[in-house]
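Here is what each chain is made of, one letter per residue.
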Amino acid sequence: DKIKWRNDGTESVMNIGCGLFDVTTKIIGSIMPKQYKYLKGIDKSAEMVQHANAKYKSTKVSFEQWDVTDEVNTEMAGIAFQNIYNLLKPGGDCLVMFLADHIFFSIIKLQSVNPKYGDIFKKVPYPMSPYRNKTNADLILKEIVESIGFKDVIVQVEDKSYTFYGADNLKG
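Residues numbered from 1 in each chain as written. Predicted model: local features only at pLDDT ≥ 70, side-chain atom pairs only at ≥ 80, totals over all residues. Heavy atoms only, no water.

What follows covers the packing of aromatic side chains. As enumerated under the stated definition, the model contains 1 aromatic pair in all. Over the aromatic face of Tyr36 sits the side chain of Lys60, whose NZ or CZ is 4.9 Å from the ring centroid. (Phe/Tyr/Trp six-rings, centres within 6.5 Å; stacked < 30°, edge-to-face > 60°. Lys NZ or Arg CZ within 6 Å of the ring centre and 35° of its normal.)

Below, the structure is given as structure tokens:
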């Protein structure tokens, strides 16, 4: 209820960093108005975009390869948010969701120096969050986006845990 959706069929949404788009369809798709103009997914991975287009593309939904930044660090995050801000129409809203930290980040880092798996994990195109291991990630992010010009900023950090009961839970 923080986003004020229009119900006149003119709502447009851009999902930056859409990945496979599964999360977007479950989260954004569940709160968007039934009538909308378009939903565009953007991701820097050609493979992700190809998968998303093959699975979800329609007359109102499409995906493009684009990178809001080439590196992931706090300075580049500011550039990315500036680019996002510049893309918004006047009065447009921005909803940002991402992993500030995750056990997977630690696994990648550890395995990248493992002699057996290092070569594989060094090639993993998964970006590490600039907010990893930060106890005040919410305050850092809020300061960045407010300095760019975003208004009515709400930043929430939520701790989540997931239980996987076997390999079948991990399959898509």
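To continue, consider a nonpolar patch on the surface. Residues Met14, Trp66 and Leu87 make up a contiguous nonpolar surface patch of roughly 270 Å² in combined accessible area. Counting through the fold element by element, Trp66 comes out in the loop between strand S3 (61-65) and helix H3 (74-87). (Patch = residues over 30% accessible without salt bridge, like charges linked within 9 Å, V, L, I, M, F, W, Y side chains within 5 Å. Areas by Shrake-Rupley, 256 points an atom, 1.4 Å probe, with all protein chains shown as cover. Salt bridge = Lys/Arg side-chain N within 4 Å of Asp/Glu carboxyl O. Helix = DSSP H or I, 4+ residues; strand = E, 2+ residues; numbered from the N terminus.)

Both strand S2 (residues 38-43) and S3 contribute to a ladder of 5 bridges, which runs parallel. By the bridge assignment, Asp43 is partnered in S3 with Gln65. Handedness of the β-α-β unit built from S2, helix H2 (residues 46-56) and S3 comes out right-handed. (Pairing = 2+ DSSP bridges. Right-handed = clockwise from strand over helix to strand, strands pointing away.)

With that settled, the discussion passes to the sheet that holds strand S1 (residues 12-16). Pairing is parallel in the open sheet, where 3 strands are placed in the order S1-S2-S3. Edge positions in the open sheet fall to S1 and S3, since each of these has one partner strand only. Neighbour-to-neighbour, the strand axes of this sheet turn through a mean angle of 20°, independent of strand direction. Here H2 sits on the sheet in contact with S2 and S3, set at roughly 165° to S3. (Axes fitted to C-alpha atoms, helices over the stretch in contact; angles between N-to-C directions. Contact = heavy atoms within 4.5 Å.)

Glancing now at the nonpolar core. Across soluble globular proteins, nonpolar side chains show a tendency to be buried alongside one another. Grouped together as the largest cluster of nonpolar side chains are 11 residues: Val13, Cys18, Phe21, Ile28, Met32, Tyr36, Leu39, Val49, Ala52, Val61 and Phe63. Mapped onto this core, the elements with two or more residues apiece are H2 and S3. (Core = buried A, V, L, I, M, F, W, Y, C linked by side-chain atoms within 4.5 Å. Buried < 20%, exposed > 50% of the residue type's maximum accessible area, 1.4 Å probe, protein only.)

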